[in-house]
Amino acid sequence: MKAFICALSDVRKEGERGEIDGLSSILLRHNVSVVHSRFIYTRGTGKQKAAELNSAIAQACSLVLDVSGGDSAHEVLPYLDASLFKSSHALFCGYSDLSCVVDTIAQEAGVPALLFQARNITRSPTLESAFFDFITGKDGRLTAFPTTPVRAGAASGVLIGGNTRCTLKCTHLDFKGRILLLEAYSGDAARIAGLFHSYAETGAFEEISGLILGTFTQADRLGQRQDVIKSALALLPPSTPVYETAAIGHGVDSMAALIGTAFHLGQEKA
């Protein structure tokens, strides 16, 4: 297996090099060869970064690990060749600002993409083990995150979403009948409520079959989680099931969500 490590969003700081090199070392220890993007610590345009990614997939990189976050991931979307992911079934892995890339690949290529910060495997032996068991097909515990009901009910649908702000960058994302997962790092309850209104105004909240609320780091630290939940409930149809999970978000121990696959809430089974 060959992995491509990249930063499709904001350029990484030199102080992060040690951890990213540590990720490479772990991959090599698990017999995964590594190719590094030219644009991890050096700024590139969206077109340049997408071309490099497209080339890596064409050259048999079956695992793409994005180690970035920030504000600029959507700049690659017009140049991303989703057909390469469709033909190769390469697995893209990213989180936060990369939510827009994860959802685009899952929808346009029709192959699952992983909402996960790969750098977390350098911080947790448990996640390291779960990650490599997942990519080698041994088991799926990495993506088997637990949910608890906020407003109980049964719902099934394709899982979409990710970061609350960055998923909105997917202007053509299909919400109809989907299970929407939302989380965030920054933003108090008022800011999150404003973002929820954006989903409501586009009709997305009317179309989804269920909502999962992950962690909202800043709001949670401010003791505002119930305010976040209330703002979502106020904007959703009363029949839409709402669940929450502490296992998906920006925490260093966060699990992964396999975007683009069937997900079941409540009593419905796979």
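All values derive from a computational prediction rather than experimental measurement. (Residues numbered from 1 in each chain as written. Predicted model: local features only at pLDDT ≥ 70, side-chain atom pairs only at ≥ 80, totals over all residues. Heavy atoms only, no water.)

Caption draft 1: Structural detail: the pairing of strand β9 (residues 210-216). With respect to burial, β9 is a largely interior element, seven of its seven residues being buried. Examined bridge by bridge, strand β8 (residues 179-184) and β9 share five bridges and lie parallel to one another. Paired with I179 across the bridge in β9 is G210. Here β9 pairs with strand β10 (residues 242-244) via three bridges, running parallel. Its bridge partner being in β10, L211 is matched across the sheet by V242. (Buried < 20%, exposed > 50% of the residue type's maximum accessible area, 1.4 Å probe, protein only. Helix = DSSP H or I, 4+ residues; strand = E, 2+ residues; numbered from the N terminus. Pairing = 2+ DSSP bridges.)

Caption draft 2: Layout of the nonpolar core. If you look at the biggest cluster of nonpolar residues, it comprises 68 residues, and the most contacted ones within it are F85, F92, V101 and F196. Looking at which element gives the most residues to this core, the answer is helix α4 (residues 99-109), with six residues. Once residues within four sequence positions are removed from consideration, V101 is found in contact with L8, A73, V76, L77, L80 and F92. With 27 residues, the next largest nonpolar core counts A3, I20, L27 and A256 among its residues. (Core = buried A, V, L, I, M, F, W, Y, C linked by side-chain atoms within 4.5 Å. Contact = heavy atoms within 4.5 Å.)

Caption draft 3: Quick look at the environment of G69. Considering the arrangement of structural elements, one finds G69 in the loop between β3 (63-66) and α3 (82-88). Using a relative accessible area of 11% as the deciding quantity, one classes G69 as buried. Through-space distance from the C-alpha of G69 to that of R225 is 23 Å; in sequence the pair is 156 residues apart. Not counting the four nearest positions on each side in its chain, G69 is found in contact with S9, D10, R12, D97 and L98.

Caption draft 4: Structural detail: the pattern of salt bridges. Inspection of every chain in the model, using the stated rule, returns 14 salt bridges. Its salt-bridge partner being D133, residue R141 comes within 2.8 Å of it at the nearest N-O pair. A residue is classified by how much of its surface remains accessible, and D133, at 16% relative accessible area, is buried. Within this structure, R12, E16, E19, R119 and R123 form a network of salt bridges that share partners. (Salt bridge = Lys/Arg side-chain N within 4 Å of Asp/Glu carboxyl O.)

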